[in-house]
Protein chains: 6
Amino acid sequence: MVYLTRLEHFNAAHKLYNPGWSKEKNEEVFGKCANENWHGHNYELYVTIKGDPDPDTGFLFDVKKLGEIIRDQVIEKLDHKNLNLDVDFLKDKMCSTENLAIGIWQQLQPHIPAGVQLHGIKLYETPQIYVEYFGT
Amino acid sequence: MVYLTRLEHFNAAHKLYNPGWSKEKNEEVFGKCANENWHGHNYELYVTIKGDPDPDTGFLFDVKKLGEIIRDQVIEKLDHKNLNLDVDFLKDKMCSTENLAIGIWQQLQPHIPAGVQLHGIKLYETPQIYVEYFGT
Amino acid sequence: MVYLTRLEHFNAAHKLYNPGWSKEKNEEVFGKCANENWHGHNYELYVTIKGDPDPDTGFLFDVKKLGEIIRDQVIEKLDHKNLNLDVDFLKDKMCSTENLAIGIWQQLQPHIPAGVQLHGIKLYETPQIYVEYFGT
Amino acid sequence: MVYLTRLEHFNAAHKLYNPGWSKEKNEEVFGKCANENWHGHNYELYVTIKGDPDPDTGFLFDVKKLGEIIRDQVIEKLDHKNLNLDVDFLKDKMCSTENLAIGIWQQLQPHIPAGVQLHGIKLYETPQIYVEYFGT
Amino acid sequence: MVYLTRLEHFNAAHKLYNPGWSKEKNEEVFGKCANENWHGHNYELYVTIKGDPDPDTGFLFDVKKLGEIIRDQVIEKLDHKNLNLDVDFLKDKMCSTENLAIGIWQQLQPHIPAGVQLHGIKLYETPQIYVEYFGT
Amino acid sequence: MVYLTRLEHFNAAHKLYNPGWSKEKNEEVFGKCANENWHGHNYELYVTIKGDPDPDTGFLFDVKKLGEIIRDQVIEKLDHKNLNLDVDFLKDKMCSTENLAIGIWQQLQPHIPAGVQLHGIKLYETPQIYVEYFGT
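The notes below deal with the structure included here.

Each value, and the rule that gives it
Residues take numbers from 1 onward in each chain, read along the sequence in its written order. Written order determines the labels here, with chains lettered from A and ligands numbered from 1. The model is predicted, so local features are restricted to residues of pLDDT at least 70 and side-chain atom pairs to those at 80 or more, both for listing and for counting; the totals for chains, interfaces and linings are taken over all residues. Hydrogens are left out, water is left out, and the side-chain values use all remaining heavy atoms of the structure. Numbered from the N terminus, helices here are DSSP runs of H or I no shorter than four residues, and strands are runs of E no shorter than two. Whether a residue is buried, partly exposed or exposed follows from its accessible area with a 1.4 Å probe, protein chains only, as a fraction of its type maximum: under 20%, in between, or over 50%, in that order. Lines fitted to C-alpha atoms define the axes here, with helix axes fitted over just the stretch in contact, and angles between the N-to-C directions of these axes take values from 0 to 180 degrees. Each angle receives one of four descriptions, namely roughly parallel if under 35 degrees, roughly antiparallel if over 145, roughly perpendicular if within 65 to 115, and oblique otherwise. It is the rotation of the near helix from the far one that decides the hand of a crossing: anticlockwise by less than a right angle makes it left-handed, clockwise makes it right-handed. Contacts between residues were defined by any pair of non-hydrogen atoms, one from each residue, lying within 4.5 Å. Amino acids outside the nonpolar list (Ala, Val, Leu, Ile, Met, Phe, Trp, Tyr, Cys, Pro) and the charged list (Asp, Glu, Lys, Arg) are all regarded as polar, and Gly is one of them. Buried area, as used here, totals the accessible surface that two parts lose on assembly, with accessibility defined by a 1.4 Å probe and the loss added over both. For this document, the term salt bridge refers to a Lys or Arg side-chain nitrogen within 4 Å of an Asp or Glu carboxyl oxygen. N or O atoms closer than or at 3.5 Å make up a polar contact, with two conditions inside protein: a donor-capable atom paired with an acceptor-capable one, and, for residues adjacent in sequence, both atoms drawn from side chains. Superposition of the copies was done by least squares, using only C-alpha atoms of residues whose pLDDT is at least 70 in both. Given a helix with a known number of residues, its expected span is that number minus one, times 1.5 Å. We call Phe, Tyr and Trp rings a pair once their centres come within 6.5 Å, taking the six-membered ring for Trp, and we label the pair stacked below 30 degrees between planes, edge-to-face above 60, and tilted otherwise. Put simply, a charge is over a ring when the Lys NZ or the Arg CZ is close to the ring centre, within 6 Å, and near the line of the ring normal, within 35 degrees.

What about the environment of K65 of chain E?
Residue and element names in this part refer to chain E.
Part 1 of the reasoning: As for its position among the elements, K65 is in helix α2 (residues 63–78).
Part 2 of the reasoning: A relative accessible area of 46% places K65 in the partly exposed class.
Part 3 of the reasoning: Taking the C-alpha atoms as reference, K65 lies 10 Å from I112; in sequence the two are 47 residues apart.

Notes on the packing of helix α2 (residues 63–78) of chain D against helix α3 (residues 97–108) of chain D
All names here are of chain D.
Part 1 of the reasoning: Contact pair α2 / α3: the axes reach a minimum separation of 10 Å and the direction vectors enclose 135 degrees. Between α2 and α3, the interaxial angle falls into the category oblique. Crossing of α2 against α3: the hand is right-handed. On the side of α2, the interface is formed by I69, I70, Q73, V74, K77 and L78, while α3 contributes L100, I104, Q107 and L108.
Part 2 of the reasoning: Residues that form the contact of α2 with α3 fall into these classes: 7 nonpolar, 2 polar and 1 charged.

Description of the interface of chain E and chain F
Part 1 of the reasoning: Facing 20 residues of chain E, the contacting portion of chain F comprises 19 residues.
Part 2 of the reasoning: Buried area between chain E and chain F, summed over both chains or domains, comes out near 1700 Å², and the portion from carbon and sulfur atoms is 56%.
Part 3 of the reasoning: On the chain E side of the contact with chain F, E98, Q128 and Y130 of chain E bury the most area, a combined 33% of that side's loss.
Part 4 of the reasoning: Viewed at the interface, chain F and chain E are joined by 0 salt bridges.
Part 5 of the reasoning: At the boundary of chain E and chain F, one finds 7 residue pairs in polar contact (both at pLDDT 80 or more).

Digging into unusual backbone geometry
Part 1 of the reasoning: One non-glycine residue with positive phi stands out, namely W38 of chain B, at about 80 degrees.
Part 2 of the reasoning: Owing to a relative accessible area of 11%, W38 of chain B belongs among the buried residues under this scheme.
Part 3 of the reasoning: You will see that H80 of chain C, though not glycine, has its phi angle at about 60 degrees, which is positive.
Part 4 of the reasoning: Structurally, H80 of chain C is set in the loop between α2 (63–78) and β3 (81–82).

Remarks on the relation of the copies chain B and chain A
Part 1 of the reasoning: For the pair chain B and chain A, the best superposition has an RMSD of 0.0 Å and corresponds to a rotation of 180 degrees with a translation of 0.0 Å parallel to the axis. Expressed as an axis order, the relation between the two copies is that of a two-fold axis.
Part 2 of the reasoning: Comparing interface residues between copies, 100% of those in chain B also lie at the interface in chain A; the contact surface is shared.

Brief notes about the arrangement of the chains
Part 1 of the reasoning: The closest approach of any C-alpha atom in chain B to one in chain C is 14 Å; the two make no contact.
Part 2 of the reasoning: With no contact between them, chain D and chain F keep their nearest C-alpha atoms 14 Å apart.

Thoughts on the relation of the copies chain E and chain F
Part 1 of the reasoning: With an RMSD of 0.0 Å, chain E superimposes on chain F once it is rotated by 120 degrees and translated 0.0 Å along the axis. A rotation of that kind, with that shift, is consistent with a three-fold axis.

A closer look at helix α3 (residues 97–108) of chain F
All names here are of chain F.
Part 1 of the reasoning: The terminal C-alpha atoms of α3 lie 16 Å apart, and with 12 residues this matches the ideal 16 Å at 1.5 Å per residue to within 8%.
Part 2 of the reasoning: Among the 12 residues that make up α3, 11 are buried, leaving the element largely enclosed by the rest of the structure.
Part 3 of the reasoning: Those residues of α3 that fall on the buried side of the exposure criterion are T97, E98, N99, L100, A101, I102, G103, I104, W105, Q107 and L108.

A look at the packing of aromatic side chains
Part 1 of the reasoning: Scanning the entire structure with this criterion turns up 48 aromatic pairs over all chains.
Part 2 of the reasoning: Here the aromatic rings of Y130 of chain B and Y46 of chain E are separated by 6.3 Å at their centres, their planes lie at 45 degrees, and the arrangement is tilted. Pair noted here: Y130 of chain B is in strand β5 (residues 129–133) and Y46 of chain E is in strand β2 (residues 39–51), and the two residues belong to different chains. Of the two residues, Y130 of chain B and Y46 of chain E, neither departs from the other in class, the shared state being buried.
Part 3 of the reasoning: For the pair W105 of chain E and Y133 of chain E, a centre-to-centre distance of 5.6 Å together with 80 degrees between the ring planes defines the contact as edge-to-face. Of this pair, W105 of chain E sits in helix α3 (residues 97–108) while Y133 of chain E sits in strand β5 (residues 129–133), and the two are 28 residues apart along the sequence. Like Y133 of chain E, W105 of chain E is buried.
Part 4 of the reasoning: Members of the aromatic cluster, connected to one another through ring pairs, are Y46, Y124 and Y130 of chain A, Y46, Y124 and Y130 of chain C together with Y46, Y124 and Y130 of chain D.
Part 5 of the reasoning: Positioned above the aromatic ring of Y17 of chain B is the side chain of K15 of chain B, whose terminal nitrogen or guanidinium carbon lies 5.0 Å from the ring centre.
Part 6 of the reasoning: One Lys or Arg, K25 of chain D, reaches over the ring of W21 of chain D and ends 4.4 Å from the middle of that ring.

Some details on the pattern of salt bridges
Part 1 of the reasoning: A full pass over the atoms with the stated rule returns 30 salt bridges over all chains.
Part 2 of the reasoning: Linking R71 of chain B and E8 of chain B is a salt bridge whose minimum nitrogen-to-oxygen distance equals 2.9 Å. Pair noted here: R71 of chain B is in helix α2 (residues 63–78) and E8 of chain B is in strand β1 (residues 2–14), with a separation of 63 residues, a long-range link.
Part 3 of the reasoning: In this structure R71 of chain B comes out as partly exposed when scored by relative accessible area, which is 32%.
Part 4 of the reasoning: Within the structure, one salt-bridge network assembled from shared partners comprises R6, E8 and R71 of chain A.

So this is what it looks like as C-alpha cells:
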C-alpha cells in the first residue's frame, strides 16, 4: 500500500465567535480571533489517499484528477469566502481549523473513487498551526 | 553599509472593492477578491534597515528592538483586523498589497532611530505574490 | 479524534561528547560534532496533541494556550542555552536530538490538560534532520 | 522507540509512458507527462528509521552514516539520471513517483544495519505532490 | 514606485552539452549534468514588474493577469518540455539557468503592458541555486 | 549582466559579549544572547556573483566550483565551530551577524576568479533575521 498526497491552497475570512455567548465571553475565550469585523488566513490543505498502484500506469490514482476533485469539492466552496457566512457545510458550527478539517473530509469522502481510500486531511491555518483528521 | 532584515507576521481580512463603482464593475475588475463577505490572508512582512554597525555591539541596530518597533507600529494595527474597516492608515484607500506596503512604510518611517535608515518593505500576500516598496 | 500541532523555535549550543570516553574516541565517533568549544542549532519543535473538539469552541484545545505551555515548560529551559551545561532534564544524558526529543516529551506530559492527550514530538535539528517521539 | 529522518535530494528526467500502449493512449492518460522528449524534477527524499537510542551515543543511528547509505544506495543511482533509461531497479516498471518510492525502499532495506528498522520513505516529486511507502 | 512579484512553476528536462565539443570534453566540463540521457528540475520563476499603483484599483497591475501573461508566454513553452529539444527561444544556445533566465526576459518583455516595466527575473534551478537578470 | 547565487549551510555556537563591559552591562544590552555558556544557530549563507555568461558553457561561472570556493574559504572555517573562540577572521570583533557577513565577504573576495565579481552576501541567522552586505 502506498500513500499519495496533494497540496492545494485557499484564502478565506473567518472569526471565532459563539453566537450563544455574550460579546464579552467571546472576547475572553477567543481574544483577537473574535474580532467582529473578521480576520483571515492563507490555508494550505494536504489531502492523502492510499491504496495499491495500478501496474499499467504506476499510479495509485492520477494526481491531477485528485487535484480536480479537491478543487471542485472543497476549494471552490472555500476560496475567497467567509467561512462563517458563505459555506454551507460549516453552517451552525464553530469555524475552527478542527471543524474545518472534519468538514473537508466529509466533502471529499463521497467523491473518492473506488479502489482508493481517503487516508487523511492536514490543514495549515498558519505556518505554525495545523490540524490533522483521519476520519474517525 | 550593511542591511538588516526582520520578518514579522499578521493575519487579516480584506476585500478589493472600489465604493465609487457598481457591484458589477467591482466583480468584473476584482473577481472573487471582491466578495462582499471578505476573504483574508496570512501576511509575511520583511522590514529592511541599513547603516553601519556599532563597533561596541557589532549591531547595525538591535534586531529585537526592530521587532518591537514593527510590532508596536504595524502588527498591532493590522493583526486579526479587517484592513478595510479597522485600519486608520488605509482609510479611503484601496486595500491592495501595494497600498498596504506603502502604508506600512509610512507607519514605520517616523520610528526608525537616528543612525539607521529604513531601506525597504517586502510584503507577501500569499507565498506566490509579494510587493516591495523602497520609499520613493 | 483530531490532531492539533503547534510549532515553536529555540536556539541552543551543544556538543556530542561522552565524558566516559577519550577525546580521540569522541572525535572518532562524533567527528566535528565533538568540537570541545561547542556548536549550535536553530531547533524547530512541533508538538501534537489529540482528542475531540469541544462543540462550544470548535477547539480540541486553545492553540494559544498550547503555545504558552510549550514556551513555559520547554522553550524557557532551552532557548539561548547550552544543552550540555544549562538544562536540568538533560543532565547525565548525551545531548543527541533523540534524547532531546524524549526529554521534551517528559517535560510536557505532566502539563497537558485533562481531555486531551500528548500525541507526538517532532524536532528538527537542521532542515535535513529530524527526530519523532510518541511516548513509548 | 524514536524515529529519525534524513533528507537527501536528487534531480532526474523521466516520462510517463506505457510502451504497451499507443502514443495516443499515452497522451490521453498521461497528458504532458507523456512528452516523448522527457521532462524532469528536483526530488526530495525523506528516509525514516526507528529503534531505541544507544545510551553511549544518544543516537538511534549516526545520521551522517544514514546519509551515506542513502547516497550510496539510492542517490548515486538516480541523481542526474533518466529514470526510464538509466536505472536498473526501475527496468520494466512505470516511472511513477509511487513506483520510485517502492523501489527506493527495496534498495535501502538490505543496507539498514542490525538494531534499527527502516520505517518509511517520503518522496516529493514537486512541492505539491508526495508519496509515502512503509514497506507493506 | 512599487515592485510586484509573481511566482510560477515549471518542470523540464535538459542537459548541459556543447555540440561543438567531444563527449569527453563535455563530461570534463559539465560532469553529470552532461548525461546524454538528460536530467531535470522543478524550476521556480519569480517575475517582478515596477511602476505606480492605479488609485482606482490600488494595483500596480492585476497580479492574476500578470500570472496569465507568464503562463501564456513562458510556462506554456517550458513546462514538461525538454529545454534542449522543444524550446524555440533556446535553439542554438547552451541550456544553462543563466541563458534560460535571459530567454524568459526576452519572451516576457514585449507582453508587459504600457504603464508598467519589467524589472527582473529570478529563476531557481534547485532550492540551492538561482539566477537573476534585470535586462541589461 | 546576470547574477548567480549559491546557498551553503553551517552550524555554529556563539555569544554576544563585549569583553570590555561588565557582565551586567552585557546582559542588559544583549539579553539572553549574552549567555556565557553560549547558544547557536543553523546559518544559511547565500553568495551572489555577477558578470556575463560564457557562450561556450552558458555559465557565468560553474556553480559547483562556486560551491567549492565557499566551502573551502568559509564553511570549513565556521561549520561546527565556536565563532568567538575558533575563527581567526572574527578575532577581536563582536560576533554579530553583521560582522560575520562582512567577514565572509572578506574571506571570499580574494578567491573570486577573474571575469566575475562578488556581488553580495546574504546571511540568515534564523528564518526571521538576515543580514546583507555588498562590499562597501
